[in-house]
Amino acid sequence: MKVLALNPAHTTRRKCLQSLSAGGLLLLFSEQSRAGAQIEEPLIDSVRSALSSAVLSRAPPVPEFNDTETRLAYLRWLGAMSERLKKKKPEWQIRKEFLQTVWYESKRAGLDVALVLGLVQVESNFRKFAVSPVGARGYMQVMPFWTRVIGDGDAGKLFHMQTNLRFGCVILRHYLDREKGDLFLGLGRYNGSRGKAVYPDAVLGARKLWEFNGR
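Residues numbered from 1 in each chain as written. Predicted model: local features only at pLDDT ≥ 70, side-chain atom pairs only at ≥ 80, totals over all residues. Heavy atoms only, no water.

Student: Just to check I follow, could you spell out the overall build of the chain for this structure?
Tutor: What the chain contains, in helices and strands, is 9 helices and 0 strands. Buried residues in the chain amount to 51% of all 215 residues. In the chain, 67% of the contacts between residues at least 6 apart in sequence involve partners at least 24 apart. Surface exposure of the chain reaches about 10,600 Å², of which carbon and sulfur atoms provide 54%. (Helix = DSSP H or I, 4+ residues; strand = E, 2+ residues; numbered from the N terminus. Buried < 20%, exposed > 50% of the residue type's maximum accessible area, 1.4 Å probe, protein only. Contact = heavy atoms within 4.5 Å. Areas by Shrake-Rupley, 256 points an atom, 1.4 Å probe, with all protein chains shown as cover.)

Below, the structure written as structure tokens:
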């Protein structure tokens, strides 16, 4: 699957805030769920199709691999991330299903897995039933209007783990594509604060906590 290539030039606008610690930025966003200013807009057919399939796919995906080394690399990642997430999700089975779903949905959307985990941390602090003051829901704080795009308008589906993560990943991919891969602008659009540095810096700071060197 195609993974987003990050352009270092896109990060230059954040240099004025590099003196802020990632911890300080995360604290700013961890007080409550902050997403929800996304603008409702027409979607291309491929995005609408992906959103529709999110509702239909209920079981946590089980990764499949073409070779042993790729499978072992995934298992090493899963073990490392599981340790980092243990305080947020103490139960192993829940933690495993969450991580394998994040991995699957990130890869499916062509996103960096660490970026998605960083976004989840900033948006909901890994709370499945988080709700923002304006009604954004779940791990990736998806606005209810996205469910109207697929026809039934059942915002309750956004509390289903895989549905929420797929919606969030597809929406983020959509915004990044609209911004031609610019993380600063794409993340800002996801949060509804396009052009402002605080939210992108918080997510990119959190991403560093979830990076994995494969060892």
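Following the structure, the description resumes.
Student: Looking at this model, I keep getting lost on the packing of aromatic side chains. Mind explaining?
Tutor: Each aromatic ring pair is described using two quantities: the centre-to-centre distance and the angle formed by the ring planes. Applying the stated criterion across every chain yields a total of 11 aromatic pairs. Ring plane angle 50 degrees and centroid distance 5.4 Å describe the contact between Phe129 and Phe159, whose orientation is recorded as tilted. Here Phe159 lies in the loop between helix H6 (145–149) and helix H7 (161–178) and Phe129 lies in the loop between helix H5 (113–124) and H6, a separation of 30 residues in the sequence. When its relative accessible area of 57% is taken as the criterion, Phe129 is described as exposed. Following the ring pairs from residue to residue traces out a cluster consisting of Phe65, Tyr74, Trp77 and Trp103. Taking NZ or CZ as reference, Lys89 lies 5.2 Å from the ring centre of Phe98, over its face. (Phe/Tyr/Trp six-rings, centres within 6.5 Å; stacked < 30°, edge-to-face > 60°. Lys NZ or Arg CZ within 6 Å of the ring centre and 35° of its normal.)

Student: Quick question: what am I supposed to make of the environment of Val62 here?
Tutor: Locating Val62 in the fold gives a position in the loop between helix H2 (45–56) and helix H3 (68–85). With 39 residues separating them along the chain, Val62 and Thr101 place their C-alpha atoms 8.0 Å apart.

Student: I'm lost on the pattern of salt bridges in this one. Help?
Tutor: Should their charged atoms come close, side chains of opposite charge can pair. For the structure on display, the rule yields 8 salt bridges. Between Glu83 and Lys86 there is a salt bridge, with its nearest N and O atoms 3.2 Å apart. Three or more residues are tied together by salt bridges with common partners; here these are Glu179, Arg189 and Arg194. (Salt bridge = Lys/Arg side-chain N within 4 Å of Asp/Glu carboxyl O.)

Student: Explain the packing of helix H8 (residues 183–191) against helix H9 (residues 198–207) here, please?
Tutor: Two packed helices can be described by the angle between their axes and the distance between those axes. Axis separation between H8 and H9 bottoms out at 8 Å; the angle between their running directions is 110 degrees. When the axes of H8 and H9 are compared, the pair comes out roughly perpendicular. Taking contact as the criterion, the partners of Leu183, Phe184, Leu187, Gly188, Tyr190 and Asn191 in H8 are, on H9, Tyr199, Pro200, Val203, Leu204 and Arg207. Here the contact of H8 with H9 is built from residues that sort into 8 nonpolar, 2 polar and 1 charged. (Axes fitted to C-alpha atoms, helices over the stretch in contact; angles between N-to-C directions. Parallel < 35°, antiparallel > 145°, perpendicular 65-115°, else oblique. Nonpolar A, V, L, I, M, F, W, Y, C, P; charged D, E, K, R; others polar.)

Student: Looking at this structure, how should I read H7?
Tutor: Since the α-helix advances by 3.6 residues per turn, residues separated by three or four positions end up pointing in the same direction. With 18 residues, H7 extends 26 Å from end C-alpha to end C-alpha; this agrees with the ideal 26 Å at 1.5 Å per step. Of all 18 residues in H7, 16 are buried; the element is thus mostly enclosed. Positioned one or two residues after H7, Lys180 has a phi angle of 55 degrees, which is positive. (Expected span 1.5 Å × (residues − 1).)

Student: Would you explain the nonpolar core in this entry?
Tutor: One broad trend across soluble globular proteins is that nonpolar side chains are buried collectively. By size, the foremost hydrophobic cluster in this structure holds 48 residues, and its most contacted members are Trp77, Phe98, Leu117, Met140, Trp146 and Tyr190. Beyond its immediate sequence surroundings of up to four residues, Leu117 is in contact with Trp77, Met81, Phe98, Leu99, Val102, Phe126 and Trp210. (Core = buried A, V, L, I, M, F, W, Y, C linked by side-chain atoms within 4.5 Å.)

Student: Sorry if this is basic, but what is going on with unusual backbone geometry here?
Tutor: Negative phi values dominate among residues other than glycine, just as trans dominates among peptide bonds. In this structure, Asn125 takes a positive phi of about 55 degrees despite not being glycine. Along the chain, the position of Asn125 falls in the loop between H5 and H6. The backbone phi angle of Gln141 is positive, close to 50 degrees, even though this residue is not glycine. Tracing the sequence through the fold places Gln141 in the loop between H5 and H6. Given a relative accessible area of 0%, Gln141 falls into the buried group.

Student: Help me understand the environment of Val142 in this model?
Tutor: Within the secondary structure layout, Val142 lies in the loop between H5 and H6. Under the relative-accessibility criterion, Val142 is labelled buried at 0%. In sequence terms Val142 and Phe159 are 17 residues apart; their C-alpha atoms lie 9.5 Å from each other. Setting aside its immediate chain neighbours within four residues, Val142 contacts Gly135, Ala136, Arg137, Leu158, Asn164, Phe167, Gly168, Ile171 and Tyr190.

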